[in-house]
Amino acid sequence: MSEQPLNPSPAGTPDDAAAGTAPVAPGPSAPGPTGSTAADALPLPAEPASDAAPDALSDEDAAARRAASFERARRLRQEPRFPGGPAADPAGSHHERRIRSFQPRRSRVTTGQQESLERLWPQWGLDIDGKRVLDLAELFGGLPVVLEIGFGMGEATAQMAADDPGTGILAVDVHTPGQGNLLGLAEKSGSTNVRVANGDAVILLREMLAPESLDGLRVYFPDPWPKARHHKRRLIQPDFLDLVAPVLRPGAIVHCATDWEPYAEQMLEVLTAHPRFENTAADGGYAPRPAFRPLTRFEGQGLDKGHVVHDLLFARV
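Residues numbered from 1 in each chain as written. Predicted model: local features only at pLDDT ≥ 70, side-chain atom pairs only at ≥ 80, totals over all residues. Heavy atoms only, no water.

Asks: For this particular structure, what's the right way to read the sheet that holds strand β2 (residues 145–149)?
Replies: Backbone hydrogen bonds are what pair the strands of a sheet, in a parallel or an antiparallel way. Strand order in the open sheet made by the eight strands is β1-β4-β3-β2-β5-β6-β8-β7, with mixed pairing throughout. Looking at which strands have only one partner, the edges of the open sheet turn out to be β1 (125–127) and β7 (277–279). Strand-to-strand twist across the sheet, computed as the mean angle between neighbouring axes with direction ignored, equals 25°. Seen against the sheet, helix α7 (residues 155–163) touches β2, β3 (168–173), β4 (194–198) and β5 (214–220) and runs at an angle of roughly 170° to β3. Running over the sheet, helix α8 (residues 176–189) touches β3 and β4 and is turned about 170° from β4. (Pairing = 2+ DSSP bridges. Helix = DSSP H or I, 4+ residues; strand = E, 2+ residues; numbered from the N terminus. Axes fitted to C-alpha atoms, helices over the stretch in contact; angles between N-to-C directions. Contact = heavy atoms within 4.5 Å.)

Right, dumping it as structure tokens:
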């Protein structure tokens, strides 16, 4: 998921204005009774900076200006890019200090994606704000619902929705162009079983889903965070599975796929160790790719590079 940060500091900060003070020009000396002397030619001592440059900022003023600049930038980040569309920071009121598995980013939105967001979001989109529990039966007209976390540009999600109109897909991501693209693809294929959720999937799982309300979870090609110091950001962790288990019905399938082998090994280890999940593979290892999971463009690029794709299917017990 994913969703990436702005640098709120504009060029030319107040510190530049407060970096120094203007030089003071020497004034003329008064002539003595015998005329000018060498001492009379020396410049007068410079006056204190506060008198010489009354408009220079104090440290406190500079700090206040910087704080105001950051506040303006924060408000800008929270303003929706598309009125009536996905919110820029739907759960901003939480202010959580938590390691996240995604980095929100702003990318260029095409004209078609923008049109889809503005026209279809009120009908098929929702913000993850943590303020209510979703009624999935009402949202999807009574269909069984699977949650998909991180759908990229939405091609695979749209295809799965079209191939299986009897299953609702609650698709979560933070990437605005992908949200618009998925909405447009779903409309083009005539699929009405997709809802696009904007925001942090952890907040959705923890605060907005009723117990045993989901029939499955799909996590396809999440960010592998390959550097060792970033492994704590990986989505599939014991704490994450603790949130997932209560909102899944017994027998619901958690389906993960990745082309990053070290991450696949971690997924297998974490899922196998969790008491609420059971591997559907008879040998306790990886599963063959199910026919319903499309071969995505991203996956194809990984295969072209020699990557091995692993699927994991675990049932909630």
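From this point, the discussion proceeds with the structure in view.
Asks: In this structure, what is going on with the pairing of strand β6 (residues 248–258)? I would like to understand it.
Replies: It is a general feature of regular strands that their side chains alternate between the two faces of the sheet. Both β5 and β6 contribute to a ladder of six bridges, which runs parallel. Looking at the pairing, valine 219 lines up with cysteine 256 of β6. Each parallel crossover has a hand, and for β5 linked through helix α10 (residues 238–247) to β6 it is right-handed. (Right-handed = clockwise from strand over helix to strand, strands pointing away.)

Asks: Would you mind showing me how to read the side chain of histidine 274 here?
Replies: With respect to the element layout, histidine 274 can be found in the loop between α11 (261–273) and β7. Using a relative accessible area of 10% as the deciding quantity, one classes histidine 274 as buried. Among the polar contacts made by the side chain of histidine 274, one reaches the main-chain amide nitrogen of arginine 276 at a distance of 3.1 Å. Histidine 274 has contacts with Pro238, Leu241 and Asp242, leaving out every residue within four places of it along the chain. (Buried < 20%, exposed > 50% of the residue type's maximum accessible area, 1.4 Å probe, protein only. Polar contact = N/O pair within 3.5 Å; in protein donor to acceptor, adjacent residues only side chain to side chain.)

Asks: Help me out: how do you make sense of the environment of threonine 280 in this one?
Replies: Summarising the element assignment, threonine 280 is placed in the loop between β7 and α12 (297–304). Separated by 32 residues in the primary sequence, threonine 280 and leucine 312 have C-alpha atoms spaced 8.4 Å apart. Apart from residues no more than four positions distant in its own chain, threonine 280 is found in contact with Ile253, Leu313, Phe314 and Ala315.

Asks: How should I be thinking about the pattern of salt bridges in this particular structure?
Replies: Pairs can form between side chains of opposite charge once their charged atoms are near each other. What the rule picks out here adds up to eight salt bridges. One salt bridge connects aspartate 215 with arginine 249, and the closest N-O pair in it is separated by 2.4 Å. Taken together, the residues aspartate 215 in strand β5 and arginine 249 in strand β6 connect sequence positions 34 residues apart. Look at arginine 249 and you get partly exposed, because its relative accessible area is 33%. (Salt bridge = Lys/Arg side-chain N within 4 Å of Asp/Glu carboxyl O.)

Asks: Is there a simple way to explain the packing of helix α5 (residues 111–124) against α8 in this structure?
Replies: Two packed helices can be described by the angle between their axes and the distance between those axes. Put simply, α5 and α8 touch, their axes get as near as 8 Å, and they point 75° apart. Taken together, α5 and α8 sit at an angle that is classed as roughly perpendicular. Residues Gln113, Ser116, Leu117, Arg119, Leu120, Trp121 and Trp124 of α5 form the contact with α8, whose participating residues are Thr176, Pro177, Gln179, Gly180, Asn181, Leu183, Gly184, Ala186 and Glu187. Split into classes, the residues belonging to the contact of α5 with α8 amount to seven nonpolar, seven polar and two charged. (Parallel < 35°, antiparallel > 145°, perpendicular 65-115°, else oblique. Nonpolar A, V, L, I, M, F, W, Y, C, P; charged D, E, K, R; others polar.)

Asks: So what exactly am I meant to see when it comes to α5 here?
Replies: Residues spaced three or four apart along an α-helix point in a common direction, a consequence of the helix completing one turn every 3.6 residues. Its 14 residues place the ends of α5 19 Å apart at the C-alpha level, agreeing with the 20 Å of an ideal helix rising 1.5 Å per residue. At glutamate 118, α5 shows its largest kink, close to 35°, and the proline proline 122 lies no more than four residues downstream. Within the span of α5, buried status applies to Gln113, Ser116, Leu117, Leu120, Trp121 and Trp124. Looking at the buried positions of α5, the neighbouring elements they touch are β1, α8 and β4. (Expected span 1.5 Å × (residues − 1). Bend = angle between axes of the 7 residues up to and from the residue.)

Asks: Any chance you could explain the side chain of glutamine 113 here in plain terms?
Replies: For glutamine 113, the position within the fold is in helix α5. Beyond its immediate chain neighbours, meaning those up to four positions away, glutamine 113 contacts Arg108, Met153, Pro177, Gly180 and Asn181.

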